[in-house]
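Remarks on the overall topology
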Amino acid sequence: MENGNTSGDKSSVKPIRCKAAVSRKAGEPLIMEEIVVAPPQPYEVRIRIICTALCYSDITFWKLQVPPACFPRILGHEAIGLIPVQVEELRVVESVGENVKEVVEGDTVLPTFMSDCGDCADCKSHKSNLCSKFPFKVSPYMPRYEDSSRFTDLNGNTLFHFLNVSSFSEYTVLDVANVVKIDSSIPPSRACLLSCGVSTGVGAAWETAKVEKGSTVVIFGLGSIGLAVAEGARLCGASRIIGVDINPAKFQIGKKFGVNEFVNSKTCENKRVSEVINEMTCGGADYCFECVGSSSLVQEAYACCRKGWGKTITLGVDKPGSQICLDSFDVLHHGKTLVGSMFGGLKAKTHIPILLKYYLDNELELDKFVTHEMKFEDINDAFQLLIEGKCIRCVLWMG
Amino acid sequence: MEKTSFSINEGKPIRCKAAVCRKAGEALVIEEIQVDPPQAYEVRIKILCTSLCHTDVTFWKIDSGPLARFPRILGHEAVGVVESIGENVEGFKQGDVVLPVFHPQCEECKDCKSSKSNWCARFADEFFSNTRRYGMASRFKDSSGEDIHHFLFVSSFTEYTVVDIAHLVKISHDIPVDKACLLSCGVSTGVGAAWKVADVEEGSTVAIFGLGAVGLAVAEGARLRGAAKIIGIDLNPDKFELGKKFGFTDFVNPTLCGEKKISEVIKEMTGGGVDYSFECVGLASLLSEAFISTRTGSGKTIMLGMGKHAAPISLASFDLLKGRSICGSMFGGLKSKLDIPILVDHYLKKELNLDSFITHELDFEEINKAFDLLEEGRSLRCILWMDKQ
């Protein structure tokens, strides 16, 4: 692993000063600060964020007080940006590092936390979307260069990266493996959703589960991911889409996304939610999706997918170290499959453009996901909205 | 098999020999029993030969709880000839060569009509009645007139047995019966797991935990599918020599791994993990190892081993989230009536190796020796012949 020191002509590469929302202490409001963003190294690009949305994984790692949480950090990973052409003092400010061929200044891009190098055996395989050249981890640094950050605060202290993206900043630096060029005509507050949440949910139904027309689907957790699964299942032609949540407000919201039946897991009386589902579906659903990140809920979901061909898909991110416990007899005898999936099983560079096309063709609906749009400076309000379950996607616009 | 000798007993009980289990873990007793004629949807079969499967041993040892039943006729891997049929039986007649199969196929329920799995919604949930359609009614009586319990709807450690049509497959006369017998459980389970459940493709890498008959059958199935690397894991190094006949490319003995976990060794051997792992022992801790031995993004783990203690399986959420999947399977995902004839055909075309599974042959009366051989890890499949041929 190279150490990220620039080897180019120093007179043509410049750091940029800009605003960022820095997370300095677990669970505490982000601080708007001026930071310094270093120029891109070989295989990297520096982009200007147009807008960014808040995803629950940002909250998870913001609250966490143990590794892989680290501070001070620039969070955010769902966004859309531009590779700017900038001229300062009669010199072009580099946005595109050496060896980058797939994007140029002026391109609109989605940063993606899922790496897609296109080169390794897993990227080349149609079966997997987990790049083995840049294996997934919640790292404080850039993926290609060991212990290397592009951010410093005004005191010269390192600021840590997040999920290869760090979008809560006016400028960020991405590895080319985490960049997808997209059509610039798509409204940014819609396109940015495909850089994480909506792709994860839609992909899970479409690619990981391969939901067929007429299927019965159960979705545990009607947050953005769960609603995106519903949207995906709707597009796949599922006939029953059952939503499970503890918040009854989600039921009305869910209807817009194709959820046609609801179970409030808090009001099941003495029954487990899996028993209720098994009764409703005469033996279990074809597909169950866990979109919360709780091992006990994964176990419930597994208990109500049908014997024989039932499939349970887990998407929710649980606390580090959590374990899922399954009954041996159940696993051995009943033929059910349990599968986990990141980013909905999608390959960022291959599938995001396909999903954008579905949006442009008015098949995939994205508008209904955006419940709030705010200024970047109001980011802490967005955190509160999401923590309180009062928004689906809150999009923050840079100045 | 002369049809005329069969018509003598039609509609009447038959007196014959059986190996009866009267006490958990104790030698089976060869006794004279009575086998009643088949009721509606049942077939009475003359067993030609039967083999011992580890599941027989597991149940033989159970001494308490609802699964401990005495007296009982064990055995569920066998081949026989139809002696007589009950009412409403179509597709079987006297003289047909048949395999009894513990896993049901009613052919009428939603699952049986779907090609997606081999589950049978009508019958597969219920394991421990004596007869499929008549609850605890038994077709066996001992010499004092006491009912003897059936086992897994087969009970093959007897010269004659009665089997429901949902548990019976007609096969070709062309296959030598001792090879056919293997397809009634163990080999079909393993080969099916590689074909149907995992759908192993050419060039895949595979890890098989536990090199008993099922594990070796998985290897045979993976070999036929063109797997590039087949890694066998077992504590008994003798299995490695035997395993070479089944297409294994590598072996791992966990006792020689030192500080390293088996999964770490496998990941090193395969640049990140295998495409498919199979657990063929029945240990929850081994299943967890098998699970993390697969590569992230696409790895699939198939659970086949049936353990006695049924400890819960524990998987790390994050290991699962990273694109791995796990599923269990009975009878290798095969629909017996459709798929066993296909396997027979593969054998007859010399594509499927069954001969190497048979390491011993004994007379039925020596059945207790077969138990010893299996327990000591010295045999794969021991064929027990009913009639001295």
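Residues numbered from 1 in each chain as written. Chains lettered and ligands numbered in written order. Predicted model: local features only at pLDDT ≥ 70, side-chain atom pairs only at ≥ 80, totals over all residues. Heavy atoms only, no water.

A closer look at the packing of aromatic side chains
All names here are of chain A. This is how the line gets drawn: Stacked, tilted and edge-to-face are the three classes assigned to paired rings of Phe, Tyr and Trp, where Trp is represented by its six-membered ring and a pair needs centres within 6.5 Å; plane angles under 30 degrees give stacked, over 60 edge-to-face, the rest tilted. Numbered from the N terminus, helices here are DSSP runs of H or I no shorter than four residues, and strands are runs of E no shorter than two. Buried, partly exposed and exposed residues are distinguished by accessible area as a fraction of the type maximum, computed with a 1.4 Å probe on protein chains only: under 20%, between the cut-offs, and over 50%, respectively.
Overall, the coordinates contain 20 aromatic pairs over all chains when judged by the stated rule. Here Phe113 and Phe343 contribute two aromatic rings whose centre-to-centre distance is 5.7 Å and whose plane-to-plane angle is 85°, an arrangement assigned as edge-to-face. With Phe113 in the loop between strand 7 (108–111) and helix 2 (121–124) and Phe343 in the loop between strand 18 (337–340) and helix 10 (348–360), the pair connects residues that are 230 residues apart, well separated along the chain. Taken as a pair, Phe113 and Phe343 share a single burial class, namely buried. Centroid distance Tyr141 to Phe160: 5.8 Å. Interplanar angle 80°. Geometry classified as edge-to-face. One end of the pair, Tyr141, is in the loop between helix 2 and strand 8 (151–153); the other, Phe160, is in the loop between strand 9 (158–159) and strand 10 (171–175), with 19 residues separating them in the sequence.

Section: the pairing of strand 7 of chain A
Residues and elements named next belong to chain A. Formally: Strands are treated as partners if at least two bridges between them are detected by DSSP.
On strand 7, burial covers both faces: Thr108 and Leu110 on one face and Val109 and Pro111 on the other are all buried. Bridge analysis of strand 4 (residues 78–82) against strand 7 gives 2 bridges, and the strand direction is antiparallel. In the sheet register, Gly81 faces strand 7, and the bridge partner there is Val109. As judged from the 4 bridges shared by strand 7 and strand 11 (residues 179–182), these two strands associate in the antiparallel manner. When the bridges of strand 11 are listed, Pro111 appears paired with Val179.

Focus on the interface of chain B and chain A
What counts is decided by this rule: The contact definition used throughout considers only heavy atoms, calling two residues in contact when any of these lie within 4.5 Å. Buried surface area refers to the total accessible area, computed with a probe of radius 1.4 Å, that the two partners give up upon joining, counted for both partners together. A side-chain nitrogen of Lys or Arg and a carboxyl oxygen of Asp or Glu constitute a salt bridge if their distance falls within 4 Å. For this classification, the nonpolar set comprises Ala, Val, Leu, Ile, Met, Phe, Trp, Tyr, Cys and Pro, the charged set comprises Asp, Glu, Lys and Arg, and every other residue, Gly included, is treated as polar.
Each partner contributes residues to the interface: chain B has 39 residues there, and chain A has 37 residues. For the pair chain B and chain A, the summed buried surface comes to about 3,200 Å²; carbon and sulfur atoms form 59% of the total. Three residues, Lys116, Trp119 and Leu321 of chain B, lead the burial of chain B against chain A; their summed loss comes to 18% of the area buried on that side. On inspection of chain B and its partner chain A, the count reaches 5 salt bridges. Taking the shortest distance from any N to any O, the salt bridge between Lys307 of chain A and Asp125 of chain B comes out at 2.8 Å. Broken down by secondary-structure element, the contributors of at least two residues to the side of chain B that touches chain A are helix 3 (110–113), strand 15 (313–316), helix 10 (317–321) and strand 16 (325–328) of chain B. Of the residues in the side of chain B that touches chain A, the class split is 18 nonpolar, 12 polar and 9 charged.

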